[in-house]
Amino acid sequence: MIKPGTVIRGDLANINVGKWSLVGENTVLRPPYKRFKTGIAFFPLTIGDCVMIEDDCVISAAAIGSYVHIGKGSIVGRRSVLKDCCVILPGSVLAPDTVVPPFSVFGGAPARFVSELPESFQEMQKQNSLSYYDSIQLKALATPAHLSIPAGILTPPSTPKSTGLSAPGTPASPLPSSPLSAISTPSRDPISPIK
């Protein structure tokens, strides 16, 4: 799913985006390039399945594996390779030609290794992507009051899906929490004193 305001420079080289992936608003997907004495060569950009790229990012990687989460406002340098199951924290700047190993978290400017991800991250990222797509489908099934659609053309499902989302016609629950919550520090009750 490509959100509004996204710029995809497919005129420079091929850009392939996998299934159940999300590219946020105002994000730029630009194929990586390399300068040679004779000119500039552009290389394809491949993005795997269940990848979430948040808003306002600039992506110029050579390859992004499956089950990857790139935080808001991040810059991924040209020819970088993000392996499966990794996270780039919001606002990070990943230097060109960086390889991010699986199950790792990178953050900062320049981005460096911060921590490891749990082995369950792949399943969490997959569930997050599928839940987001399910919520979009339910919103599409909801009929606005100002539209008159003849009966029988738009038939809502009889039972809600097992993702915890509400049935059409009822208020939808908020989107599932980000997989980044699995690596954040535990929250504290703001009222109780810190011990």
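Everything below is about the structure printed above this text.
Residues numbered from 1 in each chain as written. Predicted model: local features only at pLDDT ≥ 70, side-chain atom pairs only at ≥ 80, totals over all residues. Heavy atoms only, no water.

## Overview of the overall build of the protein chain
Argument step 1. From N to C terminus, the protein chain includes 1 helix and 18 strands.
Argument step 2. Counting the 195 residues in the protein chain, one finds 33% classified as buried.
Argument step 3. Sequence separation of 24 or more characterises 35% of the internal contacts of the protein chain that already satisfy a separation of 6 or more.
Argument step 4. A total accessible area of about 11,300 Å² is found for the protein chain, and carbon and sulfur atoms account for 58% of it. (Helix = DSSP H or I, 4+ residues; strand = E, 2+ residues; numbered from the N terminus. Buried < 20%, exposed > 50% of the residue type's maximum accessible area, 1.4 Å probe, protein only. Contact = heavy atoms within 4.5 Å. Areas by Shrake-Rupley, 256 points an atom, 1.4 Å probe, with all protein chains shown as cover.)

## Looking at the sheet that holds strand S18 (residues 112-116)
In any sheet, the strands associate via hydrogen bonds between backbone groups, in a parallel or an antiparallel arrangement.
Argument step 1. Pairing in this open sheet of 6 strands is mixed, and the strands run S3-S8-S11-S14-S17-S18 from one edge to the other. If you trace the sheet from one side to the other, it starts and ends with strand S3 (22-23) and S18, each paired once.
Argument step 2. Bridge count between strand S14 (residues 87-88) and strand S17 (residues 104-107): 2 bridges; the pairing is parallel. Its bridge partner lying in S17, isoleucine 88 is registered against phenylalanine 106. (Pairing = 2+ DSSP bridges.)

## Overview of the nonpolar core
Argument step 1. In terms of nonpolar packing, the biggest core is built from 21 residues, with Leu29, Ile53, Ile59, Ile64, Ile70, Leu82 and Leu94 touching the most fellow members.
Argument step 2. In this view, isoleucine 70 contacts Met52, Ile53, Glu54, Cys57, Ile59, Ile64, Val76, Leu82 and Ile88; residues no more than four positions away in its chain are not counted.
Argument step 3. Judged by nonpolar contacts, the second largest core, of 7 residues, contains Cys50, Cys85, Val105 and Phe121. (Core = buried A, V, L, I, M, F, W, Y, C linked by side-chain atoms within 4.5 Å.)

## Some words on a nonpolar patch on the surface
Argument step 1. A cluster of nonpolar residues, Ile2, Ile8 and Val17, forms a patch on the protein surface that exposes about 220 Å² of accessible area.
Argument step 2. Among the secondary structure elements, valine 17 is positioned in strand S2 (residues 15-17). (Patch = residues over 30% accessible without salt bridge, like charges linked within 9 Å, V, L, I, M, F, W, Y side chains within 5 Å. Salt bridge = Lys/Arg side-chain N within 4 Å of Asp/Glu carboxyl O.)

## Here's the deal with the packing of aromatic side chains
Argument step 1. Under the counting rule described, the total for this entry stands at 2 aromatic pairs.
Argument step 2. Between tyrosine 33 and phenylalanine 42, the aromatic rings sit 5.8 Å apart at their centres with planes inclined by 55°, giving tilted as the arrangement.
Argument step 3. Between phenylalanine 106 and phenylalanine 113, the aromatic rings sit 6.3 Å apart at their centres with planes inclined by 80°, giving edge-to-face as the arrangement.
Argument step 4. Of the residues examined, phenylalanine 113 reaches a relative accessible area of 46% and is grouped as partly exposed. (Phe/Tyr/Trp six-rings, centres within 6.5 Å; stacked < 30°, edge-to-face > 60°.)

## As for the sheet that holds strand S15 (residues 93-94)
Argument step 1. Overall, parallel pairing links the 5 strands, which are arranged S1-S4-S9-S12-S15 in an open sheet. If you trace the sheet from one side to the other, it starts and ends with strand S1 (7-8) and S15, each paired once.
Argument step 2. Pairing analysis gives 2 bridges linking strand S4 (residues 28-29) to strand S9 (residues 58-59), with the strands arranged parallel. Across the sheet, valine 28 pairs through a bridge with valine 58, a residue of S9.

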